[in-house]
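Survey of secondary and tertiary structure
Residue-level listing of the chains:
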Amino acid sequence: MFLKLPLTLFLILANVLVWTIIYDSNQNVLTVAFLDVGQGDAIFIEAPNGNQILIDAGSGRQVLRALGQIMPFYDRSIDLLIATHPDADHIGGFPEILKRYEVGMVMEPGVGSDTATYQAFRQAAIQAVGTTTLARRGMKVALDSDLVLEILFPDQDPTDWETNTASIVARLTYGEGEFLLTGDSPIKIEKYLLSLDGRRLQSDVLKAGHHGSKTSSAPEFLAAVAPKYTIISAGKNNRYGHPHVSVLESLQKIATRILRTDELGTIIFQTDGATLTLCPC
Amino acid sequence: MSRDAILCITFGFVAGVFARSFFNLGWPLIFLFLLLAVVAVGQSFLARAPRAWRVAALFFLFFSLGILRFDLKDQSDFVRTMKRLETTTLSGLIVSEPERRDQKTQLIFRPDHSPVKILLFVSPYPELIYGDRLQVTGRLTRIKNFQSADTGRTVAYADYLAASEIYDQMFEPKIVLLAHGEGWWLITQLYKLKTVWLGRLAQVMPEPAASLLAGLTLGARESLGTEWTERFRRAGLLHIVVLSGYNLSIVAATILTLLGFLAKRKRLVIAAVAISLFTMMVGAGPATLRACLMAFVALLAQATGRRYRAVWALIIAAFAMIVVNPKVLVFDPGFQLSFLATLGLIVLAPLIGAKLGFIKWSPARELMAMTLAAQLAVFPWFLWHGIILSPLALPANLLVLPIVPLTMLFGFLTMFLPSLAGLIWLVVAPAWLLSTYILAVVKLIASF
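One structure accompanies this document, and this report is about it.

1. Overview of empty space enclosed by the protein
One pass over the full model with this rule turns up two cavities of 30 Å³ or more. The volume enclosed by the largest cavity comes to roughly 90 Å³. Around the largest cavity sit 13 residues that line it, and Arg 61 and Glu 96 of chain A together with Arg 101, Pro 124 and Tyr 125 of chain B are the ones nearest its centre. Split by residue class, the lining of the largest cavity holds two nonpolar, five polar and six charged. Empty space within the second largest cavity amounts to approximately 40 Å³. For the second largest cavity, the full set of lining residues is Arg 137, Leu 152, Leu 193, Asp 197, Arg 200 and Leu 201 of chain A. Of the residues belonging to the lining of the second largest cavity, the class tally is three nonpolar, no polar and three charged.

This is the structure in structure tokens:
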């Protein structure tokens, strides 16, 4: 029988599948993954109860492969998409995601842009979820017990602003673990956030603003956040020269461990609310 | 017509095309060959003329026809006059399915009244499709052959594109979308259907499995990404993703089996129509076109009750393709590789199979023989182009090819079945497992 070999292979694989599903569905941990999407940002968050958020989606289709790696194949939904701001290297992957995944809600800062990519994103979002939600300081997304994503910025209507300045800044807190996610926020916003409430910025993990560009990561901001780990989400040999040497120097001064997606690929953290581990764990 | 006469015509024509592909000696040469043909014809009419005169007559006649055919297809005079290095505005149609890469989308654009096409590199949004009428403003640059970073050899990229009438490219032109749906009606409908099917696949299947399945089933140029494409290349398995003749022959055989309940005439006609529609839908690349034409020959043989000889089917298919576009002979690697691999399967596989008597299980022996034959047949081509095939391509093909038909089956089922109450997972899970297995093999083999 010619089918014998394929059939045997098939049964072995079916077995593997069943065990993968069983293995996947336990563990009382929060997963935060900084996805390797080349030059751009994409952060995937999965709560212990299975709630999922994707903050930014890189510039194109790479994010689909990164998600395929981190999500089980039968999981075809993401609860919340957050577009920190309308630049292509942050929202470029969203139209395809909105086509392929069942999405619960889409959040954006409310700054406009007339690029074709932003129009495609808006159109796909409205088709999928009806409308987008504007992120404003003080909003809290309760993901699980003791697990909250808090919006720190914008605290006002940024309609006509320069897009980076309008970036959503959010802080994820789970027990004693904190992640500060800053989009492409420039130095003036970092300083503004310091002036609003500097103590609330302290976090274990910081995603350095604007892929490590010198327009972000002011030394005083870094000192206030005092992260154990700093993520730089940038592409290999990108044409912008990110991360900038001066930013790397400031980061060395605060003795944080620098993790770069251009060197390490996707970077995954897990925490049970008490201990933070960098995967492979 | 005798067999020898047919061979004479075929080789004369192909030789003419071949010669013209390298040298353009212009009209005087063609006249010379025509003159030779006339002389030969004249001689062959004389009483007791030796056979050689008739052979020569046919050969020279079709040799010059080969040159003429190539001349008609050659646009280099027009191309020389094109405006470059200054901003130009052109309006025209998108004449191919866009190739959506990670960051950029590649389009083939034909300006109105132009004999040549242009390769456009545009951003992924707005999403453009076949048949869109555009006005593009940008700078044309001539496409050039380049040096391969790995082998240092010249990659004949420009020659390859020139074979399909593309000589120039335009990066990130300003685009105004003027109208939709001005392409050929049938193609538009087929591509629409394909988009719907691939959309269903993408909704239930994660990447890169979705792109792999899209390639295996419909030859979709969905982006696997450079990293995976490179892995497939290294593992010697890129041919399955771009829809090889192998995939098409599986589809053709399945169509015939499914139509088994019909009367013979009807079955053959419907099969021929279905196979042509499928070939058009997948974009009619050289390998699929070759397989499609060979399938036609097979159907015709069945209809007329003649014996099907694969070598003749291959020669007819290749000849037809060269007549339609003489440039594929020398400039299209896809055509050459597909021809060689098929020739290997037809001629070498039985010989190798006979030597593999020690493999007792016959399906394994056949598979081994076919894989070895195809690899052996394309080996000289790669050597000529300075590319050393990994010896691991053999185990990679042996591990992957047997499950390709099953993977295609579940891939198609995923697209065709409505997603009723979770039942779709009965086909999605197997499709995912099979493609994950293929990806795992490719990743493993490519890592050596």
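2. Focus on the side chain of Gln 106 of chain B
Residue and element names in this part refer to chain B. Structurally, the position occupied by Gln 106 is in strand 3 (residues 105–111). Judged by its relative accessible area of 12%, Gln 106 is buried. Sequence-distant contacts of Gln 106, that is, excluding residues within four places in its chain, are made with Pro 98, Glu 99, Arg 101, Leu 119, Leu 120 and Phe 121.

3. Quick look at the packing of helix 8 (residues 226–234) of chain B against helix 19 (residues 425–446) of chain B
All names here are of chain B. Where helix 8 contacts helix 19, the axes come no closer than 8 Å and their chain directions differ by 75°. In terms of orientation, helix 8 and helix 19 fall into the roughly perpendicular class. Note on element contacts: helix 19 touches helix 8 through Ile 438, Leu 439, Val 442, Lys 443 and Ala 446, opposite Trp 228, Arg 231, Phe 232 and Arg 234. Residue composition of the contact of helix 8 with helix 19, grouped by class: six nonpolar, no polar and three charged.

4. A few points about the packing of aromatic side chains
Residue and element names in this part refer to chain A. This model, assessed by the stated rule, comprises 24 aromatic pairs over all chains. Ring centres of Phe 153 and Trp 161 lie 6.1 Å apart, and the angle between their planes is 35°; this geometry places the pair in the tilted category. For the pair Phe 153 and Tyr 192, a centre-to-centre distance of 6.0 Å together with 80° between the ring planes defines the contact as edge-to-face. Of this pair, Phe 153 sits in strand 8 (residues 147–153) while Tyr 192 sits in helix 6 (residues 187–197), placing them 39 residues apart in sequence. Note on Phe 153: relative accessible area 1%, which makes it buried. Among the aromatic residues, ring-to-ring pairing joins Phe 34, Phe 179, Tyr 229 and Phe 269 into one connected group. Above the face of the Tyr 101 ring, Arg 76 is positioned so that its terminal group lies 4.3 Å from the ring centre.

The rules behind each value
- Residues numbered from 1 in each chain as written.
- Chains lettered and ligands numbered in written order.
- Predicted model: local features only at pLDDT ≥ 70, side-chain atom pairs only at ≥ 80, totals over all residues.
- Heavy atoms only, no water.
- 1 Å grid on protein atoms, 1.4 Å probe; cavity = no way out; pocket = protein on both sides within 12 Å on 5 of 7 lines; lining within 4 Å.
- Points joined across faces, edges and corners; volume = space filled by probe spheres on them.
- Nonpolar A, V, L, I, M, F, W, Y, C, P; charged D, E, K, R; others polar.
- Helix = DSSP H or I, 4+ residues; strand = E, 2+ residues; numbered from the N terminus.
- Buried < 20%, exposed > 50% of the residue type's maximum accessible area, 1.4 Å probe, protein only.
- Contact = heavy atoms within 4.5 Å.
- Axes fitted to C-alpha atoms, helices over the stretch in contact; angles between N-to-C directions.
- Parallel < 35°, antiparallel > 145°, perpendicular 65-115°, else oblique.
- Phe/Tyr/Trp six-rings, centres within 6.5 Å; stacked < 30°, edge-to-face > 60°.
- Lys NZ or Arg CZ within 6 Å of the ring centre and 35° of its normal.

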